[in-house]
Amino acid sequence: EDVWMQKVAEVREGERQQARRKEEREEKAEEERRVREKEKVEEEKRVKEEERIKEDRKMREEEIAEKARKMREDEKKEEERKVRDEEKAEKERTAQERIAEARREEEMRLQKKEEEDAMLKKEEEEEEEQLRKRDCMRAEEEEGIQRVRETSTRLEAAQREKGKKVAQ
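Anyway, here's the lowdown on the structure attached to this text. (Residues numbered from 1 in each chain as written. Predicted model: local features only at pLDDT ≥ 70, side-chain atom pairs only at ≥ 80, totals over all residues. Heavy atoms only, no water.)

**A look at the overall build of the protein chain**
We apply this condition: Put simply, DSSP H or I for four residues or longer makes a helix, DSSP E for two residues or longer makes a strand, and each gets a number counted from the N terminus. Type-normalised accessible area, obtained with a 1.4 Å probe on protein chains alone, sets the label of each residue: buried when under 20%, exposed when over 50%, and partly exposed for intermediate values. A contact between two residues is defined here by any heavy atoms of the two lying within 4.5 Å. As used throughout, the charge tally considers Lys and Arg to be positive and Asp and Glu to be negative, leaving His and the chain termini uncounted. To locate a charge, take atom NZ for lysine, CZ for arginine, CG for aspartate or CD for glutamate.
The number of helices and strands found in the protein chain is two helices and zero strands. Seen through its principal axes, the protein chain has C-alpha atoms that stretch 135 × 20 × 10 Å. Looking at the protein chain as a whole, 13% of its 168 residues are labelled buried. Partitioning the contacts of the protein chain with sequence separation of at least 6, the portion at a separation of at least 24 is 79%. When the 52 basic and 61 acidic side-chain charges of the protein chain are each reduced to a single mean position, those positions are 3 Å apart.

Quick look at the structure:
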């Protein structure tokens, strides 16, 4: 009877170990599924963010091109206006007055162009800063994904060690 009880106890212990190993495998599979799902969601977010950034960049480039075109048109209209004004002024002024006026207008035009150039440069620098910030955010997200992968790798290694110990 003791032998029979011992065999029953051994069978039950084997069943418990087998059930525990099955549960551990299921937990590991569930954890891996969650990690894969999280990685998939993160990848989808990253792809959407990249598409949004590309679209933003494209729109900014189009806006800058449109502003430059408009400025060229305005400069052309301004230049045409100046020419008409100059023709009137030439009739009304002496030769010395015409020279002085032309110099003043040229200086104003150059100053305006320098101010416009400075404004465009400032806008470009601000946009580059925004892009750098977005790149940093994306890098941080990628580091988070890497940490999840490393954690998963460590968990798998620990599970293998645990499996080896159980097998021994």
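**A few points about the side chain of Arg60**
Along the polypeptide, Arg60 turns up in helix 1 (residues 2–92). Discounting chain neighbours no more than four positions away, the residues touching Arg60 are Glu127, Leu131 and Arg134.

**Description of a negative patch on the surface**
So the rule is basically this: Only residues whose relative accessible area exceeds 30% and that form no salt bridge enter a patch; like-charged residues are grouped when within 9 Å of one another, and nonpolar side chains (Val, Leu, Ile, Met, Phe, Trp, Tyr) when within 5 Å. Only the protein chains shown count as cover for residues, with accessible areas throughout obtained via the Shrake-Rupley method and a probe of 1.4 Å. A pair is scored as a salt bridge if a Lys or Arg side-chain nitrogen falls within 4 Å of a carboxyl oxygen belonging to Asp or Glu.
Together, Glu55, Glu61, Glu62 and Glu63 make up a negatively charged patch on the protein surface. Position of Glu62 relative to the elements: it lies in helix 1. Residue class for Glu62 comes out partly exposed when judged on its relative accessible area of 46%.

**Examining the pattern of salt bridges**
In total, this model carries 24 salt bridges according to the counting rule given. Across the salt bridge formed by Glu129 and Arg132, the nearest N and O atoms sit 3.0 Å from each other. Taken together, the residues span about one helical turn, with Glu129 and Arg132 both in helix 2 (residues 95–167) at a distance of three residues. Taking the relative accessible area as the measure of exposure, Glu129 reaches 33% and is therefore partly exposed. Via salt bridges that share partners, Glu30, Glu31, Arg33 and Arg34 belong to a single interconnected network.

**A look at helix 1**
For clarity, the threshold we go by: To estimate the expected span of a helix, subtract one from its residue number and multiply by 1.5 Å.
In this model helix 1 runs 131 Å from its N-terminal to its C-terminal C-alpha over 91 residues, within 8% of the 135 Å that 1.5 Å per residue would give. Among the residues of helix 1, those classed as buried are Glu24, Val35, Arg46, Ile53, Asp56, Arg60, Ala68, Met71, Lys82, Glu86 and Ala89.

**Things to note about the environment of Ala157**
Residue position: Ala157 is located in helix 2. The spatial distance from the C-alpha of Ala157 to the C-alpha of Lys133 is 36 Å, given a sequence separation of 24 residues.

**Description of the environment of Arg33**
What counts here: Distance and chemistry together define a polar contact, namely a pair of N or O atoms within 3.5 Å, with one atom able to donate a hydrogen and the other to accept it when in protein, and with adjacent residues in sequence counting only for side-chain atoms on both sides.
Tracing the backbone shows Arg33 in helix 1. Residue Arg33 is classed as partly exposed on the basis of its relative accessible area, which comes to 39%. A distance of 2.6 Å separates polar atoms of two side chains, one belonging to Arg33 and the other to Glu30.

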